[in-house]
Amino acid sequence: MTPLLETRGPTPLLETRGLGRAFGALQAVAGVSLAVQPMELRAVIGPNGAGKTTLFHLISGLLAPTAGHVLFRGDDVTALAAPARCRRGISRTFQITSIFPELSVLENVRIAVQLKIGDNFRLLGGRAVLEASEQRARDSLRLLGLDDRADELASTLPHGDQRLLEIAMAAAQEPALLLLDEPTQGLSPEDTAATVAVIRQVARERKLTIILVEHDMDVVFDLADRISVLHFGQLIAEGTAAEIRANAEVQKAYLGGLD
Amino acid sequence: MIPSRLSALAALVALAVVPWVLARHQLSLLTDLLIAGLFAMSLDLIMGYTGMVSFGHAAYFGLGAYASALVLLHFAQPVPVALLAGALLAGAVAVPVGWFSTRATGIYFAMLTLAFAQFLYTVAYKWRDLTGGSDGIAGVPKTPLFWGGPSLASSRAFYFLVAACVVLSLFVCRAVVRSPFGRALQAIRENERRFTSLGRDPRPFKLVVFVIAAVFAGLAGALFAPFRGFASPEVMFWVFSGQGLMMVIMGGIGTLVGPVLGAMLFILIQEVLSSYTEHWMIFTGVVFVLIVIFLPGGLVGTARRLGARG
Ligand SMILES: Nc1ncnc2c1ncn2[C@@H]1O[C@H](COP(=O)(O)OP(=O)(O)O)[C@@H](O)[C@H]1O
Ligand SMILES: [Mg+2]
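All figures in this text were calculated on a predicted structure; none of them were measured in a lab.

### With respect to the overall build of chain A
For chain A, the count of helices and strands is 9 helices and 10 strands. Over its C-alpha atoms chain A spans a radius of gyration of 18 Å, differing by no more than 12% from the 18 Å that the globule rule assigns to 259 residues. If you line up chain A on its principal axes, its C-alpha atoms span 60 × 40 × 40 Å. Buried residues in chain A amount to 55% of all 259 residues. Once local pairs closer than 6 in sequence are excluded, the contacts in chain A between residues at least 24 apart make up 68%. Here chain A contributes 26 positive and 32 negative side-chain charges, whose respective centroids are spaced 7 Å apart.

Okay, here's the thing in structure tokens:
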């Protein structure tokens, strides 16, 4: 494994340098520098309010940082807004499920593909775009095991399937980097296990780099190549599962305080 | 879907034969209904498909009416030239208004569209030299379809022009909402933040559909002026914008054809009752409330739900 911020070696797919975001006096994310290598599966953990979601907003461009930089494939993308970063290859899901409720499951995924690849200002016709994006959407639904629900309205899916649908939307965009904000939140243990299996499969089949926020430590230690620990907005540790387990500071700040 | 195709065919046949069935004043009323229907349908593009509730849509109807009236009165051009002028002026004004208004969302968008519409209404009211002020422009002629071509002076001929414009507009709007662009609009309506994080800025989409909606509202207004023979500030007043919202909801938001029917129902109630009482709006209000409560999805939404079930 590449050490943090090594100067030589391969360019990380994603790098943040001194990334920070303040909300008034509150420093939600403070001086976070991390590097994620291509094909890595990185977990970000930390107690509630640690700044994990804010960090995702900063990486995906939904929030502008108050300090620091975001580099994607070696390019500084700090000034790019969320849509442009998505087109460059950063797709994401949200902690609170964010889908198009009154559109069909298929259309949710299809529009995700269209917005990435298509001819979006085609006012008449556009069959080719519609068909090409539908093809890719169906592939993605199959990968997530949602293909038999394609024609249902997204709002009628159970919570667990809606979480999967959101992953299907992001995965269908064939991003280089996929950000998953608590994909197993609110799921039963069985659904959690199924979702974890699906994430692993998506990562492998699509050769994706994934950053994932997750609370379930079993999931984290099982799934992640490396783990970054946030505490009060700061990165207090980073390493493999074994290293994080052994880290005294993490024990004190987080793992000990849990349960 | 076969039933909807059948009903579309039936509607087309009905539109084609009614001029030989209805009396002249009835045909004239139907023409009125269709013009209002086109206006409501154009509003549905932004309201039903994009989730942008405009409180100022009458402004574009009014701009179309004034442009058409002026072209016909001062330049004596054939009616299609006036229609083009009305649609273009409405679309052109919608560009800056839409550019500003789509910076806001929800109620702020609604308030901006209202403010711009009332501004345009005031201009129409005050610019007496051009618009005739509160009197408006009267004596707008029904010029022919083209010079040396068929006259549009008869109520039957003008009815056919209006019916053709409405049907054609309906087909164009249907194609638009089914295109990649139209699909994007519906995603914006459903979840704008999701849309943004999937790779596109929603604002240009909203601006384009705002302008398209204005163009069709302008076309409706441009038909209205020669049909009624006048253009006046009332057609730009906010009350008409509000009635447009009611028409869309009564007929079925996000269905295009629903708002046409909603507008027809609305104007029909108004026409029938206003000869008995000046308080016809009470009855319209009651019908509106009943539809909202008992027929969610409006006339067409309810019909489709029932059709899907049985
Ligand atoms: N838009 C916002 N405005 C003000 N404070 C915010 C905002 N978003 C997040 N915060 C605060 O920033 C901190 C980090 O929040 P968040 O990133 O959601 O944490 P996590 O995802 O790790 O639970 C919290 O204290 C939260 O209350
Ligand atoms: Mg969070």
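From this point, the discussion proceeds with the structure in view.
### A closer look at the coordination of the magnesium ion (ligand 2)
Donor atoms from the polypeptide that coordinate the magnesium ion (ligand 2) comprise Thr53(A) (OG1) and Gln95(A) (OE1), at 2.0 to 2.1 Å from the metal. Here Thr53(A), found in helix α1 (residues 52–60), pairs with Gln95(A), found in the loop between β6 (90–92) and α3 (105–117); they are 42 residues apart in sequence, far enough to count as distant.

### Some remarks on helix α5 (residues 159–172) of chain A
All names here are of chain A. Along its 14 residues, α5 runs 20 Å from first to last C-alpha, staying within 8% of the 20 Å computed at 1.5 Å per residue. Where burial is concerned, most of α5 is hidden: 13 out of the 14 residues are buried. Phi turns positive one or two residues past the end of α5, at Glu 174, with a value near 45°.

### Quick look at the site of ligand 1
Residue and element names in this part refer to chain A. Neighbouring ligand 1 are the residues Phe 23, Leu 26, Ala 28, Pro 47, Asn 48, Gly 49, Ala 50, Gly 51, Lys 52, Thr 53 and Thr 54. Within the backbone of Gly 51, one N or O atom sits 2.9 Å away from an oxygen atom of ligand 1. Within the side chain of Thr 53, a nitrogen or oxygen atom sits 2.8 Å from an oxygen atom of ligand 1. Burial of ligand 1 by the protein amounts to 60% of the accessible area it has alone, namely 560 Å². Elements with a contribution of two residues or more to the shell around ligand 1: β2 (26–36) and α1.

### Digging into the environment of Gln118(B)
Residue and element names in this part refer to chain B. With respect to the secondary-structure elements, Gln 118 resides in helix α5 (residues 106–126). Residues Gln 118 and Met 236, 118 residues apart in the sequence, show an inter-C-alpha distance of 7.9 Å. Setting aside residues no more than four positions away along its own chain, Gln 118 makes contact with Met 236, Phe 237 and Trp 238.

### A closer look at the interface of chain A and chain B
On the chain B side, the residues contacting the 36 residues of chain A number 27 residues. For the pairing of chain A and chain B, the buried interface totals around 2500 Å² over both sides, and the portion due to carbon and sulfur atoms is 65%. Run the count over chain A and chain B and you get 2 salt bridges. For the salt bridge of Glu107(A) with Arg183(B), the shortest nitrogen-to-oxygen distance reads 2.6 Å. Here chain A and chain B share 15 residue pairs in polar contact (both at pLDDT 80 or more) between them. Of all the secondary structure elements, the ones that give two or more residues to the side of chain A that touches chain B are α2 (82–88), α3, α4 (127–143) and α5 of chain A. Top contributing element to the side of chain A that touches chain B by residue count: α3(A), with 7 residues. Looking at the side of chain A that touches chain B residue by residue, the classes come out as 18 nonpolar, 9 polar and 9 charged.

### Points about the nonpolar core
Counting residues in each nonpolar core, the largest one holds 152 residues, and the members touching the most others are Leu165(A), Ile227(A) and Tyr60(B). Leaving out residues up to four positions away in the same chain, Tyr60(B) has contacts with Ala90(B), Val93(B), Ala94(B), Val97(B), Phe210(B), Ala214(B), Ala217(B) and Gly218(B). Membership of the second largest hydrophobic core comes to 24 residues, among which are Val44(A), Leu58(A), Ala176(A) and Leu177(A).

### Examining the packing of α3(A) against α5(A)
All names here are of chain A. Direction vectors running N to C along α3 and α5 enclose 30°, while the axes themselves pass 8 Å from each other. Here α5 runs roughly parallel to α3, going by the angle between their axes. Helix-helix and strand crossings are classified by hand; for α3 and α5 the assignment is right-handed. Where α3 abuts α5, its residues Val 105, Asn 108, Val 109, Ala 112 and Val 113 lie against Leu 165, Ala 168, Met 169 and Ala 172. Considered class by class, the residues forming the contact of α3 with α5 number 8 nonpolar, 1 polar and no charged.

### Considering the pattern of salt bridges
One side chain can pair with another of opposite charge once the charged atoms of both are near each other. All told, the structure shown has 21 salt bridges over all chains when counted by the stated rule. Measuring nitrogen to oxygen at the nearest pair gives 2.9 Å for the salt bridge that ties Asp222(A) to Arg200(A). Taken together, the residues Asp222(A) in helix α7 (residues 217–223) and Arg200(A) in helix α6 (residues 189–206) connect sequence positions 22 residues apart. Exposure remark for Arg200(A): the relative accessible area of 30% places this residue in the partly exposed category. Of the charged contacts in the structure, one is a salt bridge between Asp201(B) and Arg203(B), with a shortest N-O distance of 3.7 Å. Given the relative accessible area of 33%, Asp201(B) is considered partly exposed.

Rules of the game
Every chain is numbered on its own, with residues counted from 1 as its sequence reads. Chains and ligands are labelled sequentially in the order written, the chains with letters from A and the ligands with numbers from 1. Restriction of local features to residues with pLDDT of at least 70 applies here, the model being predicted, together with a cutoff of 80 or more for giving and counting side-chain atom pairs; totals for whole chains, interfaces and linings are based on all residues. Heavy atoms from the whole structure form the basis of all side-chain values; hydrogens and water molecules are not counted. Helix and strand assignments come from DSSP, with helices taken as H or I runs of at least 4 residues and strands as E runs of at least 2, each series counted from the N terminus. Both definitions apply: the radius of gyration is a C-alpha atom measure, and the globule rule equals 2.2 Å times residues to the power 0.38. When a residue's accessible area, from a 1.4 Å probe over protein chains only, is under 20% of the maximum for its type it is buried; when over 50% it is exposed; and in between it is partly exposed. In what follows, a contact means two residues having at least one pair of non-hydrogen atoms within 4.5 Å. Lys and Arg are tallied as positive, Asp and Glu as negative. Neither His nor the chain termini are counted. One atom stands in for each charge, and that atom is NZ of Lys, CZ of Arg, CG of Asp or CD of Glu. Only nitrogen, oxygen and sulfur atoms qualify as donors, provided they sit within 2.8 Å of the metal or within 3.2 Å for Na, K and Ca; with water excluded from the atoms, sites may seem incomplete. Every helix has an expected span of 1.5 Å times one less than the residues it contains. We define proximity as follows: a residue is near a molecule or strand when any one of its heavy atoms falls within 4 Å of that partner. Counting of polar contacts relies on pairs of N or O atoms within 3.5 Å, with two restrictions inside protein: one atom must be capable of donating a hydrogen and the other of accepting it, and residues adjacent in sequence are counted only when both atoms are side-chain atoms. Note on areas: Shrake-Rupley with a 1.4 Å probe; residue coverage comes only from the protein chains shown. A quick way to say it: buried area is the sum, across both parts, of accessible area lost when two parts are put together, with a 1.4 Å probe. The salt bridge criterion pairs a side-chain nitrogen of Lys or Arg with a carboxyl oxygen of Asp or Glu, the two atoms within 4 Å. Side-chain classes follow a simple rule in which Ala, Val, Leu, Ile, Met, Phe, Trp, Tyr, Cys and Pro form the nonpolar group, Asp, Glu, Lys and Arg form the charged group, and the remainder, Gly included, forms the polar group. Grouping buried Ala, Val, Leu, Ile, Met, Phe, Trp, Tyr and Cys residues that are joined through side-chain atoms within 4.5 Å yields what is termed a nonpolar core. Geometry is summarised by axes, namely lines fitted to C-alpha atoms with helices restricted to the contacting stretch, and by angles between N-to-C directions that run from 0 to 180 degrees. For classification purposes, an angle smaller than 35 degrees is called roughly parallel, one larger than 145 roughly antiparallel, one from 65 to 115 roughly perpendicular, and anything else oblique. Working rule for handedness: look at the near helix, and if it is turned counterclockwise from the far one by less than a right angle, call the crossing left-handed; if clockwise, right-handed.

By themselves these figures say nothing about function.
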